[in-house]
Amino acid sequence: MEIRVGVNGFGTIGKRVALAVSLQRDMRLVGVVKRSVDYTAMFAASHSIPIYTPSHREAEEFEKAGLKVEGTLEDLLRRVDVIVDATPEGQGARNKPLYEEAGVRQVYQGGEEPGVAEVSFSTLCNYDDARGARSVRVVSCNTTGLLRLICTLHRAFGVERVRAVIVRRGADPREVKRGPINSIVLNPPTIPSHHALDVKTVLPWLDIKTAAVAVPTTLMHVHHVTLTLRGEASRARVLEVLAEAPRIMLVSSRESRIRSTAEVVEAARMVRPRYDVPELVVFEDSVSVDGSEVMLFQAVHQESIVVPENVDAIRAVAGSPLSLEETVKATDATLGLTKSLW
Ligand code: NAD
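Since the structure is predicted, the reported quantities are computational estimates derived from the model, not experimental observations.

## Considerations on the packing of helix H6 (residues 123–130) against helix H13 (residues 324–335)
Each pair of packed helices can be summarised by the angle the axes make with each other and by the distance between the axes.
Thinking step 1. Where H6 meets H13, the closest approach of the two axes is 10 Å, and the angle between their N-to-C directions is 125°. Comparing their axes, H13 and H6 come out oblique. The crossing of H6 and H13 is right-handed. Note on element contacts: H13 touches H6 through Leu-324, Thr-327 and Val-328, opposite Thr-123, Leu-124 and Tyr-127.
Thinking step 2. Broken down by class, the residue content of the contact of H6 with H13 amounts to 4 nonpolar, 2 polar and no charged.

This is the structure:
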């Protein structure tokens, strides 16, 4: 089975998802939708990625720049089974009627409201629930990080309660006009932050509260998470479960001397394209277990953590025969997810 995929929006998330799709043996990247000519359009053209524009209006600018346009978004929709919408927050919901009319399956991003899709999605929590849905929404980067941890520990021990403080990166590296430049901003100023509500779109039964601040960094988010398990556990057993889980990387400060997001990224720069770290990074030495309470720090690379989940979401909506274990294995092998950065 070959799944024909289009990606609408070729920014931070869209370009990574498009490249990830092109690596899958059971998928074909039919094309990406670009609105204007810039260095990412030049990249697509020079890497033989077919370019489509939202409408005929934008095509002229591309042709003037010598970039071939294969058609409009509507043309692309006629040629694909699944469209991944990676346009800015809110645009996905505006695009939905077009997708529905074309009869294609849809994958949306976490910036959209949950109502945009039938299922809010995180592979390790609800891949099977999403299989066969016409549309899914891959939850945001912070929510993906929280859910990978929670669902991994829930499967092993049962999780009753979660409290988390989220230290958010102020902007992505390319966003030159966003801040904060010199402040710690309550973001949002109220508790719980929307991240808890977003986790509940996947795990409605969970007792979870989150609070968040934004800080002047572009590299990664950091979470301080406290989980209450159903029963008592040992630190050794919790570490064992995390070490065996897919998409989680334990980083020990003892041998590697890594104790910051800057050092995680510097290690990734030596081995990863774009220094992507789609794994959830759990700082091993921060893991503290006291009876049924687990406390730890983890880091989330906002630009890449949702990419494996997007690939799995495509399989889920396309009715792929791959099971949860099979999709995780296929996605992680092709994207090069590992248990360490060296
Ligand atoms: P982005 O701004 O980097 O990329 C969006 C791209 O879509 C840009 O290239 C823009 O030019 C293009 N675009 C704008 N309007 C368009 C239209 N009508 N048709 C086609 N293309 C259009 O944004 P992003 O960070 O990739 O975010 C996309 C989605 O992913 C959002 O829902 C966001 O919340 C979510 N998300 C972002 C991150 C992150 O940290 N950047 C992490 C997880 C999820």
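Read on for the rest.
## Focus: the pairing of strand E6 (residues 105–108)
Thinking step 1. One ladder, built from 3 bridges, connects strand E5 (residues 82–85) with E6; its direction is parallel. Within the sheet, the bridge partner assigned to Val-82 lies in E6 and is Arg-105.
Thinking step 2. As a crossover connection, the stretch from E5 through helix H5 (residues 91–102) into E6 is right-handed.
Thinking step 3. Bridge count between E6 and strand E8 (residues 135–138): 3 bridges; the pairing is parallel. What sits directly across from Val-107, in E8, is Val-136.

## Structural notes on the domain arrangement of the protein chain
Thinking step 1. Assigned domains within the protein chain: domain 1 (3–138 + 306–332) and domain 2 (141–300).
Thinking step 2. Between the C-alpha centres of domain 1 and domain 2 there is a distance of 26 Å.
Thinking step 3. Residue-level contacts link 21 residues of domain 1 with 18 residues of domain 2.
Thinking step 4. In total, about 1600 Å² of surface goes out of reach between domain 1 and domain 2, with carbon and sulfur atoms giving 54% of it.
Thinking step 5. Considering only the surface of domain 1 that becomes buried against domain 2, Arg-16, Leu-124 and Cys-125 emerge as the three largest contributors, covering 34% of it.
Thinking step 6. On the surface where domain 1 and domain 2 come into contact, there are 6 salt bridges.
Thinking step 7. Ionic pairing is found between Arg-148 and Glu-309, a salt bridge with its closest N-O pair at 2.8 Å.
Thinking step 8. Remark: the boundary between domain 1 and domain 2 carries 9 residue pairs in polar contact (both at pLDDT 80 or more).
Thinking step 9. Mapped by element, the contributors of at least two residues to the side of domain 1 that touches domain 2 are helix H1 (12–22), strand E7 (119–121), H6, helix H12 (307–318) and H13.

## Let's talk about helix H9 (residues 235–244)
Thinking step 1. Taken residue by residue, H9 has Val-238, Leu-239, Val-241 and Leu-242 as its buried positions. Summarising the axial view, the buried residues of H9 lie within an arc of 160°, below the 170-degree limit, and thus occupy one face. Away from its buried face, by an angle of more than 90 degrees, H9 presents the exposed residues Ala-236 and Glu-244.
Thinking step 2. In this structure, the buried side of H9 is in contact with helix H7 (141–157), strand E13 (248–251), strand E14 (280–283), strand E15 (288–290) and strand E16 (293–300).

## Some words on the site of the ligand
Thinking step 1. The full set close to the ligand counts 20 residues, and Thr-12, Ile-13, Arg-169, Asp-172 and Arg-174 are the nearest of them.
Thinking step 2. Measuring from an oxygen atom of the ligand, one finds a backbone N or O atom of Ile-13 at 2.9 Å.
Thinking step 3. The contact in question runs from an oxygen atom of the ligand to an N or O atom on the side chain of Glu-89, over 3.1 Å.
Thinking step 4. Coverage of the ligand by the protein chains reaches 86% of its 830 Å² of free accessible surface.
Thinking step 5. Per-class residue counts for the shell around the ligand are 6 nonpolar, 9 polar and 5 charged.
Thinking step 6. The residues that make up the shell around the ligand include at least three from each of domain 1 (3–138 + 306–332) and domain 2 (141–300).

## A word on the state of the cysteines
Thinking step 1. All told, the structure shown has 1 disulfide when counted by the stated rule.
Thinking step 2. The cysteine Cys-141 is free of any disulfide, with Cys-125 supplying the nearest cysteine sulfur at 16 Å.
Thinking step 3. Using a relative accessible area of 16% as the deciding quantity, one classes Cys-141 as buried.

## Here we look at the side chain of His-301
Thinking step 1. Tracing the backbone through its elements, the reader meets His-301 in the loop between E16 and H12.
Thinking step 2. Engagement of the side chain of His-301 in a polar contact is seen with the side chain of Glu-303, the distance being 3.0 Å.

What counts, and at which threshold
Residues numbered from 1 in each chain as written. Predicted model: local features only at pLDDT ≥ 70, side-chain atom pairs only at ≥ 80, totals over all residues. Heavy atoms only, no water. Axes fitted to C-alpha atoms, helices over the stretch in contact; angles between N-to-C directions. Helix = DSSP H or I, 4+ residues; strand = E, 2+ residues; numbered from the N terminus. Parallel < 35°, antiparallel > 145°, perpendicular 65-115°, else oblique. Left-handed = near helix turned anticlockwise from the far one by under 90°. Contact = heavy atoms within 4.5 Å. Nonpolar A, V, L, I, M, F, W, Y, C, P; charged D, E, K, R; others polar. Pairing = 2+ DSSP bridges. Right-handed = clockwise from strand over helix to strand, strands pointing away. Domains from an automatic or database assignment. Buried area = accessible area lost by both parts, 1.4 Å probe. Salt bridge = Lys/Arg side-chain N within 4 Å of Asp/Glu carboxyl O. Polar contact = N/O pair within 3.5 Å; in protein donor to acceptor, adjacent residues only side chain to side chain. Buried < 20%, exposed > 50% of the residue type's maximum accessible area, 1.4 Å probe, protein only. Arc of directions from axis to C-beta. Near = heavy atom within 4 Å. Areas by Shrake-Rupley, 256 points an atom, 1.4 Å probe, with all protein chains shown as cover. Disulfide = S-S within 2.5 Å.

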